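# Structural overview
Letter by letter, the chains look like this.
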Amino acid sequence: MTAAENFEVPDLENQVDSEQEVLDEGDVAADYLEELLDIADLDGDIDIEIRGGRTYISIVTDEAGTDLSGLVGKDGEVLDALQELTRLAVLNATGERSRLVLDIAGYRSDRADQLRTIADEAIQKARETGEEVHLEPMSAYERKLVHDVIADAGLHSESEGESGRRHIVVSTLDN
Amino acid sequence: MLVDALDHLVRGVVEEPEDVQVALKSTRRGDLLEVRVNPDDLGRVIGRQGRTARALRTVMAALAKESIRVDVIDTDRRRG
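Note that this is a predicted model, so its numbers are computed, not measured.

Definitions and cut-offs
- All chains use their own residue numbering, which begins from 1 and follows the written sequence.
- Here the convention is simple: chains get letters from A, ligands get numbers from 1, in the order in which they are written.
- A pLDDT threshold of at least 70 governs which residues receive local features in this predicted model, and a stricter bar of 80 or more applies before side-chain atom pairs are shown or counted, although totals over entire chains, interfaces and linings include all residues.
- Only hydrogens and water are set aside when side-chain values are computed; all heavy atoms of the structure are taken into account.
- Think of it this way: any DSSP run of H or I at least four residues long counts as a helix, any run of E at least two long counts as a strand, and we number them from the N terminus.
- Any two residues whose heavy atoms approach within 4.5 Å are treated as being in contact.
- Only the protein chains shown count as cover for residues, and the accessible areas themselves come from Shrake-Rupley with a 1.4 Å probe.
- Pairing of aromatic rings covers Phe, Tyr and the six-membered ring of Trp, with a centre-to-centre limit of 6.5 Å; geometry is then stacked below 30 degrees between planes, edge-to-face above 60, and tilted otherwise.
- Lysine NZ or arginine CZ positioned within 6 Å of the ring centre and within 35 degrees of the ring normal marks a charge as sitting over the ring.
- With a 1 Å grid spanning the protein atoms alone, the term cavity applies to any set of points in which a 1.4 Å probe fits but cannot get out, the term pocket to an open set with protein on both sides within 12 Å along at least five of seven lines, and the term lining residue to any residue with an atom within 4 Å of a point.
- Grid points are joined across faces, edges and corners, and a volume is the space filled by probe spheres set on the points.
- Residues are sorted three ways: Asp, Glu, Lys and Arg are charged, Ala, Val, Leu, Ile, Met, Phe, Trp, Tyr, Cys and Pro are nonpolar, and all the rest, Gly among them, are polar.
- The source of the domain bounds is an automatic or database domain assignment.

## Description of the overall build of chain A
- If you tally the helices and strands in chain A, you get five helices and six strands.
- Tracing chain A from N to C terminus, the helices and strands come up as α-α-β-β-α-β-α-β-α-β-β.
- Considering only intrachain contacts with a sequence separation of at least 6, the fraction spanning at least 24 residues in chain A is 54%.
- Looking at chain A as shown, the accessible area adds up to about 10,600 Å², and 45% of this sits on carbon and sulfur atoms.

## So, the packing of aromatic side chains
- Using the criterion set out here, one finds zero aromatic pairs over all chains in the structure.
- Over the ring of Tyr56 of chain A we find Arg51 of chain A, and its NZ or CZ is 3.9 Å from the ring centre.

## Overview of the layout of surface pockets
- Estimated volume of the largest pocket: approximately 1,400 Å³.
- In terms of lining residues, the largest pocket is bounded by 33 residues, among which Asp80, Gln83, Glu84 and Arg87 of chain A together with Arg51 of chain B are the most central.
- Mapped by element, the contributors of at least two residues to the lining of the largest pocket are helix H3 (77-94), helix H4 (107-129) and helix H5 (140-152) of chain A together with helix H3 (51-64) of chain B.
- Of the residues assigned to the lining of the largest pocket, the class counts are eight nonpolar, seven polar and 18 charged.
- Of the residues that make up the lining of the largest pocket, three or more belong to each of domain 1 (11-105) and domain 2 (110-171) of chain A.
- Arg51, Tyr56, Val101, Tyr141 and Leu145 of chain A are, among the 17 residues lining the second largest pocket, the residues nearest its centre.
- Partitioned by chemical class, the residues of the lining of the second largest pocket number six nonpolar, two polar and nine charged.
- When we break the lining of the second largest pocket down by domain, the ones giving at least three residues each are domain 1 (11-105) and domain 2 (110-171) of chain A.

Here you go:
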């Protein structure tokens, strides 16, 4: 432990409370998903991770294990549906709205790498041309990832379009 | 397996899990999963703009590996 950490005096009581809440969220979600895997006779290990106050649940198999791609679906649509139901199960059990992120077979982490590449290419294009760059439509979660990459690069981004067509527009700040 | 899976998914999101009933029926238009819940839970199973029912259908189609219908039965309306 470093000296700096010793000086921090966090509000212990609140911290324990919120930590407990996040743990419950993960446990409820893991139980809900684990039983589904059992019923469907699918092998999968469930990992719970908490980063920045958000719970991340991932279902993984070893390489020889079950193929979980059916639970991801085209463009992650089955994964999104399962995430939605899992969030509702948590809300139902804890009374707290859940923002948990579910990943299956590494789909979201692979997609995050892809989104970073898309964002980097848009940044480069906007800098070279000085013009707005429109990206493909993305879910709210995906747009958040891209907005963060654009902001880190010191460029400006906004979302445009309705529901299924909602997408990010990247521009240099002086536009 | 499909009945048990849907039963489990629905029980997790309702207030009265004991009232959940799922039945598999074969119809001329293919297999149909019928879901019955406590009338007070109907909104929870259907969701805002049918979002929850849609999520249930998406997951069940993935598990069935073919298209399967999922109907949420409004028991109140049937009786009335």
